[in-house]
Amino acid sequence: MPEGKARGIACSSFLSHSAHVIEISLDGRGRVQIDRVVCALDCGIEVNPDLIRAQIEGGLMYGLSAAAWGEVVLGDGGEILTQNFDRYPVMRMRSVPAIEVHLIESTEPPTGVGEVSVPSAAPALTNAIAALTGTRIRQLPVNNTIKVA
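Residues numbered from 1 in each chain as written. Predicted model: local features only at pLDDT ≥ 70, side-chain atom pairs only at ≥ 80, totals over all residues. Heavy atoms only, no water.

**Overview of helix α2 (residues 118-133)**
Its 16 residues give α2 an end-to-end C-alpha distance of 24 Å, which sits within 8% of 22 Å, the value for a rise of 1.5 Å per residue. Listing the buried residues of α2 in full gives Ser-120, Ala-121, Ala-122, Ala-124, Leu-125, Thr-126, Ala-128, Ile-129 and Ala-130. Turning to α2, the residues buried within the fold contact β1 (5-12), β2 (17-26), β3 (32-42) and α1 (49-68). A positive phi of about 85° marks Gly-134, the residue just after α2. (Helix = DSSP H or I, 4+ residues; strand = E, 2+ residues; numbered from the N terminus. Expected span 1.5 Å × (residues − 1). Buried < 20%, exposed > 50% of the residue type's maximum accessible area, 1.4 Å probe, protein only. Contact = heavy atoms within 4.5 Å.)

**Focus: the sheet that holds β3**
Strand order across the open sheet formed by 4 strands is β1-β2-β3-β4, with mixed pairing between neighbours. The open sheet has two free edges, formed respectively by β1 and β4 (98-103), since each of these has just one partner strand. Neighbour to neighbour, the strand axes of the sheet diverge by 15° on average, direction disregarded. Both β1 and β2 contribute to a ladder of 8 bridges, which runs antiparallel. Across the sheet, Lys-5 pairs through a bridge with Ser-25, a residue of β2. Together, β1, β2 and β3 form the strand contacts of α2, whose direction differs from that of β1 by roughly 150°. (Pairing = 2+ DSSP bridges. Axes fitted to C-alpha atoms, helices over the stretch in contact; angles between N-to-C directions.)

**Comments concerning the environment of Asn-127**
When you line up the elements, Asn-127 lands in helix α2. For Asn-127 and Gly-8, which are 119 residues apart along the polypeptide, the C-alpha to C-alpha distance reads 4.5 Å. Setting aside anything within four residues of it in sequence, one finds Asn-127 in contact with Arg-7, Gly-8, Ile-9 and Arg-136. A distance of 2.9 Å separates a polar side-chain atom of Asn-127 from the backbone oxygen of Ile-9. (Polar contact = N/O pair within 3.5 Å; in protein donor to acceptor, adjacent residues only side chain to side chain.)

Next comes the structure, spelled out in structure tokens:
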């Protein structure tokens with residue numbers, strides 16, 4: 001990797017076998033910028049490849065949003081202060097990375113793709129952060145430890 005960039009890798013066999021590589025850099029303000037995500041997926045016979053890619057992309061946006069900023073804030077007495085979706089941050093268009101989905105050709109029966117990319121989004125992101133900064137993220141959301149653009 002060029003100076004100032006790093007990759008993190010995570011894999012999962014939740015529903016289907018998958019691996020994710022997340023490439024990051026730091027922006028001019030020292031915030032983590034997610035530049036690119038590459039996913040390899042073995043989900044058996046590809047019944048609808050475009051739908052599979054859409055599911056992977058959507059799951060990545062959900063998983064990365066939850067990992068980076070997802071937090072329900074509690075008050076002093078334990079009351080939930082995050083009362084509505086307007087207070088729950090999600091990834092905006094300006095932060096969406098380039099995404100590549102590589103489907104492995106197979107003759108095996110189809111398996112699930114609905115949430116395949118969610119479980120490995122946070123580990124791949126935090127592994128990339130550790131590779132770039134040396135900081136191991138031990139608690140989510142990541143933004144409480146290092147800012148995410």
